[in-house]
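# Remarks on the overall topology
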Amino acid sequence: MCGIAGFISSNRDYNARAIVAKMLDKMGHRGPDQSGVATWDDVTLGMVRLSIIDSDSHEIPYTDVSESHAIVYNGEIYNHDDIKASLYSKYDFKTGSDTETAMVSFIENGINSFSDHNGMYAFAVYDMKKRETFIVRDKVGEKPVYYTKGKDFFAFSSEIKCLLDLVEPRFADDALSYRAYEFTVGKETLFKDIYLLEPGDYIKYADGKYSIHSYWKVWDSLIDVPDSESRILSDIADLVEDAILLRTKNCAHKYSAIISGGIDSSLVACIAKPDVMYTAHYDFPDFDELDYAKMVAKQINRELIVIEPTKDDFIRTREKISYHLDTPCTWTSFTLWMLLEKIKADGFRVMMTGDGADEVFGGYHRYHLLFHDEQIRRLDAMKNYDYLINKYYGSPVERYVRLVNRCGNIYDQEVNEYLHETIGFYFDKMDEDVVHLMGLNDFYSTMQVLLQMGDRMSMAFGIENRSPFLDYRLVEYAFSMSSKYKIKDGITKWVLKEAARKFIPKPIVERIDKRGFSAPVNKWFQWDRKGKYDRSAYRSIAFEDWKKVFAVKYEKAKYN
């Protein structure tokens, strides 16, 4: 894992190397092992490196043997040995790094090479002969790339903070996604003139201009999956096991896993069998999953390290977390931060998590609401009554808009139009399948902020986070199979739970409650006077911390 940065300008008044070097200094936590900057023509690239696969030092940025291409790279390509083997006859490799594999694959196959990469990555390749730069983000959005375009320059980096010497930190009051979701979605960020490259996209920069293109999207990557329950259960079990085991390879270090006691992290741990597992415990019954985590530890005979974060820890870490997140997130990253503090102290550089399974396999309990409505629509007696159903319930798109809209003003026309447009787009892409619609919308919205949190928190400690459920083969399969296997018999994530039965303790498979790695901030600060979590309270402190940490120039907020 690493951090990358670049600055492109024909204006020689800029000290491009100094600019990129300063960008790298701001994210040295991402790559404590090595740092390097180089310039070719108008392009200056830089990289900080955390060595995981290849522990040897190399000159960075990397160049190919002919010195016609250069690359800076962040991430891991888990199948890089297979890709590398297919290129041996064409290229004399200098290193054992997947970075070189990514570069050579691009030289040989161009844009088409990205589709073969199974992993998490963000990289920039400069073609010195054509004087073209390609900046690429992985298929599902695990590794970030931010960019900005000035009057006479283009710059990019792995973290927003690295661009704030080039762009004044002003609040983007036109960020509709933040008003809608309480976090930014798509290319928007909360900093004006700074944007996020979306998952499965790449930037081509040439002749002083940039353009954005897609090389992978869920709806363009669907496959043929026969409607056979036994076949699908077998395929999912095999794919999950392979995705997890693939992520135990390519590692020169011992690895850990974070478990909550839920099905996703338990499944990862039971198959991966990490050297050590970590969990957090809070002394409140509705936050306590320790007994389930102990079941996993007992089954695979691994040590379980339990931390017990406190209110004082929360106060101590607030501004640190805000700094590393770059933008405010309504979900607290506190528990993850505290776990990573311990993992770092214990000397681990790699961890595994269960991120992504809920969006891919239909795991959120709110999905029951629209799923239930659709069962009425499908009744034979109601097949000619779509008009009345839509009049009574609203269309599927309208219902999901109401369900996910967190804007303080539910009548905000701009927000409602934005949500109808984006959710309607996903509904059409999924052939009007409601379950796939909800999952796809959350894949490109909710999941992205969770991945942002995972990347920033793990990289703050120089730790690589591997998430097997985001293997693109699983994603393609899950959105291609019939959605009836995602929610069945009143059970969310049904197909994954059934496939998990041969791997994890039965009581975990049969859990119907859902908790995750939340922290009892509502209880610590008495925000739950009526027994309910007050989202607005945490949202406010996260937003205020962000403004303070980054000295954001702030004029108005339509959502406050």
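This text goes with the structure placed above it.
What you are looking at is a predicted structure, and each value in this text was computed from that prediction instead of being measured.

A few words now on the packing of helix α8 (residues 311-325) against helix α9 (residues 334-345). If you want to describe how two helices pack, look at the angle between their axes and the distance between the axes. The geometry of α8 relative to α9 is characterised by a closest axis approach of 10 Å and an angle of 95° between their N-to-C directions. In this view, α8 runs roughly perpendicular relative to α9, as classed from their interaxial angle. Across the interface between the two elements, D313, F314, R316, T317, K320, I321 and H324 of α8 pack against F334, W337, M338 and E341 of α9.

Here the focus is the pattern of salt bridges. One pass over the full model with this rule turns up 46 salt bridges. For the salt bridge of D41 with R131, the shortest nitrogen-to-oxygen distance reads 3.8 Å. Here R131 lies in the loop between β6 (119-127) and β7 (132-137) and D41 lies in the loop between β2 (34-40) and β3 (43-49), a separation of 90 residues in the sequence. A single salt-bridge network, built from bridges that share partners, covers R30, K143, E159, K161, D326, D455 and R456.

On to the sheet that holds strand β16 (residues 350-352). Here five strands make up an open sheet; going across it, the order is β15-β14-β13-β16-β17 and the pairing parallel. One side of each edge strand has no neighbouring strand; the edge strands of this open sheet are β15 (303-307) and β17 (464-466). Between one strand and the next, the sheet's axes are offset by a mean angle of 30°, whatever the strand orientation. Direction of pairing for strand β14 (residues 276-280) relative to β15: parallel, over a ladder of five bridges. Residue pairing for β15: V276 is matched across the bridge by E303.

For the pair helix α11 (residues 367-377) and helix α13 (residues 396-404), the least separation of the axes is 10 Å and the interaxial angle reads 160°. Considering their axes alone, α11 and α13 lie roughly antiparallel with respect to each other. Classified by chirality, the crossing of α13 by α11 is right-handed. For the pair α11 and α13, the contacting residues are Y367, L369, L370, D373, E374 and R377 in the first and P396, R399, Y400 and L403 in the second. The class makeup of the residues in the contact of α11 with α13 is six nonpolar, no polar and four charged.

Right, let's talk about the nonpolar core for a bit. Residues I236 and F361 are the most contacted members of the largest nonpolar core, which totals 164 residues. Beyond its immediate stretch of four places on either side in the chain, F361 contacts I236, F469, L474, A478, M481, K486, K493, V495 and L496. One finds M27, V48, F171 and F550 within the second-largest nonpolar core, a separate group that totals 30 residues.

The subject of this paragraph is the sheet that holds strand β10 (residues 195-196). Taking strand neighbours across the sheet as the criterion, the six strands line up as β2-β3-β1-β9-β8-β10 in an open arrangement whose pairing is antiparallel. A strand with exactly one partner marks an edge of an open sheet, and here the two such strands are β2 and β10. Note that strand β8 (residues 146-149) and β10 share two bridges and pair antiparallel. Opposite Y147, over in β10, you have Y195 as the bridge partner.

Within the secondary structure, R377 sits in helix α11. Looking at R377, its side chain comes within polar contact range of the side chain of E374, at 3.1 Å. Of the polar contacts made by the side chain of R377, one reaches the side chain of N390; its length is 2.9 Å. Those residues in contact with R377 that lie beyond four places of it in its chain are M382, D386, I389, N390, P396 and R399.

Take the packing of aromatic side chains next. This structure, assessed with the given rule, holds 47 aromatic pairs. Each ring, one from Y147 and one from Y210, has its centre 5.8 Å from the other, and the planes form 65°; the classification is edge-to-face. Highlighted residues: Y147 in strand β8 and Y210 in strand β12 (residues 209-214), separated in sequence by 63 residues. You can call Y210 partly exposed: its relative accessible area is 31%. Plain terms: the ring middles of F284 and F287 are 6.4 Å apart, the flat faces sit at 70° to each other, and that makes the pair edge-to-face. According to the relative accessible area criterion, F284 is partly exposed, its value standing at 27%. You can call F287 buried: its relative accessible area is 15%. The positively charged end of K84 is found above the aromatic ring belonging to F93, 5.1 Å away from the centroid. Here the basic side chain of R366 rests over the ring of Y364, its NZ or CZ set 4.5 Å away from the ring centre.

Conventions used here
- Residues numbered from 1 in each chain as written.
- Predicted model: local features only at pLDDT ≥ 70, side-chain atom pairs only at ≥ 80, totals over all residues.
- Heavy atoms only, no water.
- Axes fitted to C-alpha atoms, helices over the stretch in contact; angles between N-to-C directions.
- Helix = DSSP H or I, 4+ residues; strand = E, 2+ residues; numbered from the N terminus.
- Parallel < 35°, antiparallel > 145°, perpendicular 65-115°, else oblique.
- Contact = heavy atoms within 4.5 Å.
- Salt bridge = Lys/Arg side-chain N within 4 Å of Asp/Glu carboxyl O.
- Pairing = 2+ DSSP bridges.
- Left-handed = near helix turned anticlockwise from the far one by under 90°.
- Nonpolar A, V, L, I, M, F, W, Y, C, P; charged D, E, K, R; others polar.
- Core = buried A, V, L, I, M, F, W, Y, C linked by side-chain atoms within 4.5 Å.
- Buried < 20%, exposed > 50% of the residue type's maximum accessible area, 1.4 Å probe, protein only.
- Polar contact = N/O pair within 3.5 Å; in protein donor to acceptor, adjacent residues only side chain to side chain.
- Phe/Tyr/Trp six-rings, centres within 6.5 Å; stacked < 30°, edge-to-face > 60°.
- Lys NZ or Arg CZ within 6 Å of the ring centre and 35° of its normal.

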